[in-house]
Amino acid sequence: MLKRTAYTLLVLALAGTVTACGRSGPDAAKAATSRGPITVWLSNNAHEVKWGNEMIAEWNELHPDQRITAQNIPAGKTSEEALSASIIAGTSACLVFNTAPSVVPQFEKQAGLVPLSTFPDGKEYIEERSGSLADQYRSADGDYYQLPWKSNPGMILYNKEIFKTAGLDPEHPKLATYDDFLESSRKIVKSGAAKAAIWPAPSSEFFQSWYDFYPAFIAESGGKPLVEDGKPQFDSAAGRKVADFWRQMYAENLAPQESYPGDAFGEHRTAMSTVGPWAVAAYKDSVDWGVVPVPTSDGRPADQVHTFSDEKSVGMYSSCENRATAWDVLKFATSKEQDGKFLAATGQMPLRTNLASTYSDWLEKNPSYKAFADQAERVVEVPNVPGSTEVWQAFRNSWTRSVVFGREPIDSALHDAADQISKILAEN
Amino acid sequence: MNPKHAKATARHGTSRIGALFVTPYALFILAVFAVPLGYTVWISFHRFYFTAPGAGVDTPWVGLANYQAVFTDPVVARAFLNILIFLVINVPLTVGLSMVLASALNAKLPFRSFFRAAYYLPYITASVALVAVWQFLFGTDGLINNLLGDHAPDPSWLVNSHLAMPMIAFFVTWKQLGFFVMLYLAALQNVGKELYEASSVDGAGRIRQFFSITVPGVRHATTLVAILAIITGANLFSEPYLLTGGGGPDHASVSPVLLMYQKGMEQGHPDFAAALGVVLVTFVLIVSLVSRKLTERGN
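Residues numbered from 1 in each chain as written. Chains lettered and ligands numbered in written order. Predicted model: local features only at pLDDT ≥ 70, side-chain atom pairs only at ≥ 80, totals over all residues. Heavy atoms only, no water.

**Notes on the sheet that holds strand β10 (residues 289-292) of chain A**
Residues and elements named next belong to chain A. Defined as follows: Strands qualify as paired when DSSP identifies two bridges or more between them. Only DSSP runs of H or I covering at least 4 residues are called helices, and only runs of E covering at least 2 are called strands; the numbering of each starts at the N terminus. The axes used here are C-alpha line fits, helices contributing only the stretch in contact, and every angle between their N-to-C directions lies in the interval 0 to 180 degrees. Residue contacts are defined here by distance: any two heavy atoms, one from each residue, within 4.5 Å place the two residues in contact.
Judged by pairing direction, the sheet is mixed, and its 4 strands sit side by side in the order β6-β9-β5-β10 without closing on themselves. Since the sheet does not close on itself, it has two edges, and those belong to β6 (196-198) and β10, each with one partner. Each adjacent strand pair in this sheet contributes to an overall mean axis angle of 25 degrees, direction not counted. As paired elements, β6 and strand β9 (residues 270-275) share 2 bridges and run parallel to each other. Opposite Ile-198, over in β9, you have Met-272 as the bridge partner. Along the sheet, helix α8 (residues 178-191) makes contact with β5 (155-159), β6 and β9, crossing β6 at roughly 150 degrees.

**Some remarks on the state of the cysteines**
All names here are of chain A. Here is the rule: We call a pair of cysteine sulfur atoms a disulfide when they lie within 2.5 Å. Working definition: with a 1.4 Å probe on protein chains only, accessible area under 20% of the residue-type maximum means buried, over 50% means exposed, and in between means partly exposed.
Applying the stated criterion across every chain, the model contains 1 disulfide over all chains. Across the disulfide, Cys-94 is cross-linked to Cys-320 (sulfur-sulfur distance 2.1 Å). Between Cys-94 and Cys-320, the disulfide has an S-S torsion of 90 degrees and is therefore right-handed. Remark: Cys-320 occurs in the loop between β12 (312-316) and α12 (323-333) and Cys-94 occurs in the loop between α4 (79-89) and β3 (95-99); sequence separation between them is 226 residues. Summarising the burial analysis for this pair, Cys-94 and Cys-320 share the class buried.

**Thoughts on the layout of surface pockets**
Operational definition: The method works on a 1 Å grid over the protein atoms by themselves. A cavity is a set of points holding a 1.4 Å probe that cannot get out, a pocket is an open set with protein on both sides within 12 Å along at least five of seven lines, and residues with an atom within 4 Å of a point line them. Grid points are joined across faces, edges and corners, and a volume is the space filled by probe spheres set on the points. Side-chain classes are defined by residue name, with Ala, Val, Leu, Ile, Met, Phe, Trp, Tyr, Cys and Pro counting as nonpolar, Asp, Glu, Lys and Arg as charged, and the others, Gly among them, as polar.
As a volume, the second largest pocket reaches approximately 1100 Å³. Taken together, the elements giving at least two residues each to the lining of the second largest pocket come down to α17 (388-404) and α18 (410-427) of chain A together with α2 (65-72), α3 (74-106), α12 (256-266) and α13 (270-295) of chain B. Considered class by class, the residues forming the lining of the second largest pocket number 14 nonpolar, 13 polar and 11 charged.

**Some thoughts on the pairing of β3(A)**
All names here are of chain A. When you tally the buried positions in β3, you get 5 out of 5 residues, the bulk of the element. Relative to β3, strand β1 (residues 38-42) runs parallel, the two being bridged by 2 bridges. Counterpart to Val-40 in the pairing with β3 is Leu-95. The pairing of β3 with β12 spans 3 bridges and is antiparallel. Residue pairing in the sheet places Leu-95 in a bridge with Met-316 of β12.

**Details of the packing of aromatic side chains**
Think of a pair of aromatic rings as described by two things: how far the centres are apart, and how the planes are tilted against each other in angle. Convention followed: Here a pair means two rings of Phe, Tyr or Trp (six-membered ring of Trp) with centres within 6.5 Å. Their orientation is stacked below 30 degrees between planes, edge-to-face above 60, and tilted elsewhere. Think of it as a cone above the ring: NZ of Lys or CZ of Arg counts as a charge over the ring if it is within 6 Å of the ring centre and within 35 degrees of the ring normal.
In the structure shown here, the tally under the stated rule is 54 aromatic pairs over all chains. Judged by centre distance (5.7 Å) and plane angle (40 degrees), the ring pair of A:Trp51 and A:Trp149 falls under tilted. Here the residue A:Trp51 occupies a position in helix α3 (residues 46-62), and A:Trp149 occupies one in strand β4 (residues 147-151), the gap between them amounting to 98 residues. Summarising the burial analysis for this pair, A:Trp51 and A:Trp149 share the class buried. Both rings, one in B:Phe237 and one in B:Tyr241, keep their centres 5.7 Å apart while their planes meet at 10 degrees; by these two values the pair is stacked. Summarising the burial analysis for this pair, B:Phe237 and B:Tyr241 share the class buried. One Lys or Arg, A:Lys109, reaches over the ring of B:Tyr49 and ends 4.5 Å from the middle of that ring. Sitting over the ring of B:Phe272, B:Lys263 keeps its end group 4.8 Å from the ring centre.

**Some points on the pattern of salt bridges**
All names here are of chain A. Selection rule: One speaks of a salt bridge when a side-chain nitrogen belonging to Lys or Arg is within 4 Å of a carboxyl oxygen belonging to Asp or Glu.
One pass over the structure, following the stated rule, counts 24 salt bridges over all chains. With a closest N to O distance of 2.9 Å, Asp-339 and Arg-129 form a salt bridge. One end of the pair, Asp-339, is in helix α13 (residues 336-346); the other, Arg-129, is in helix α6 (residues 122-130), with 210 residues separating them in the sequence. For the residue pair Asp-339 and Arg-129, the accessibility class agrees, reading buried in each case.

Here it is, written out as structure tokens:
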């Protein structure tokens, strides 16, 4: 009986292995020049979906033999998780208009992405469209596995009504330096105008540092990424200043140690929030807001402040069989004309050079977006390094321990995190 | 035909028909559990990551390297400690409360059906919805802290590194209670009423009856409840992820399954996650066996 069971298990295991080994993707050389119908996935953002569908309708009208079929990214806990699963299964769309740069190194390792610079005009197109900013999206092997598409530069949005109630000048808020920011925050909380001065999620998910630490660090360091030339940059004077500033915010209960279960800014529970231009449309009816750059210790002028881009790229996935069509669609969807339509439909910033001057007419008519468009010229991305998610998780663990909960001195926490991240980078 | 031979043939025939009926389920079990389990063990001994179809990637044998990484990772140690904290609170509480409540709901009470349904309701409600209720109750500005005023813990319940895991244990106990009460209610139907009547005649009170008749009478159900509660504890994911924001302050509520998700899915190390999974399964087997020995002691 035991023998029979063992045989059955062996047969099943072999069947599983054969099935697994039998998986195959399209022939890369053939797919590179092949044209025909393709699929694209769009994010779940209603404004983006509306733009996407209009763009696709225009394309389909012009190219009836190379039709695009669109759908939203399949449901998952995160888009990245759903995309990773689809790479493994070989079911990804040809193009995904919501690929996070932080997962590109992982997808690249999984052989899930097509290097766009292998198209004859690939490198040239990307670098011409995005200028020097494109450099941040180039992978270690020199290729581009993503087309930098649109950014949401993080700025401080503040609620004018709450500022007024707290006795602060809503038209000229004092938020440029850390001292001013802390003083304004104290007045807001002490006056009872709002429960919190600012309320980023203090939780442990790897990506949460993109909305508290990272914009502040980029601003304070004059535009440094988390990792540069294979070395962590935050175990530095700039990193410590940022961590000390946030530690003070948490220690004085100006920023709560617990996540808000809804939209704290939209529900007037906090006076400020670090957000991108998507917030303009989101809060236009519920909050009378103003916007300022992320603070720095010395309060440098707005036109010198860098911030986190919160960018999303377009990726071409290796399951795509008609890559020549996909590349043409990619260029069509990120053309000057389509970028203008995208900006108008979503308020998010296409990652192209001279954004403000290119769309000056639209920005004149929509002045709320001007500050974001100006800021979009000075954005910094997450580092394009292998093990990126692990790197961010290591940083977040140290951040919550030392800065949010004050359970470890900041100096040693940043130093330990830098050591750990160096190890992760070396192992990957 | 030799009657002895006929009897043997009949027995053999019955066994074949039985095997035929069992085959689909056995195949299902093999395909859905045995093969993935075997594959997981295989992954845990190799350097492995998931790739797109057709990507030629080496998966070299690494021996115990993944296990070494698991055993030397302080976060893994913390996750298992958290599970132990959870089990120490959750299992006795689940067994005790569900047995007492089942005994009470087995008696002739007014509104008995209402109470039975009320205890079962959290079990069939989505975790996400219940988490929102607990955040409303135990958040910094929650109902409980408003009632406690200055006596509220600081930091608050769900972000307090000492309280986060016990809070999860209480949450899961409350959520699962209805299911375990139902198991005990079923077990109680098999405890003879004459035993209670006889003990009443002998002058035993309700408490004496509970410990001398009810507890031994539902011993097998207790074993089942304890093992299921242990498995539930070992599978913790949604509660630490949702209730305490992805593992709580300084990993105070991180669980092995949450770590498996982070390492395997988010960070692209399924080999590490597989080794952790094998360790977790072994851990659950050992704790379940110990629990079974304890609950069936003196049977």
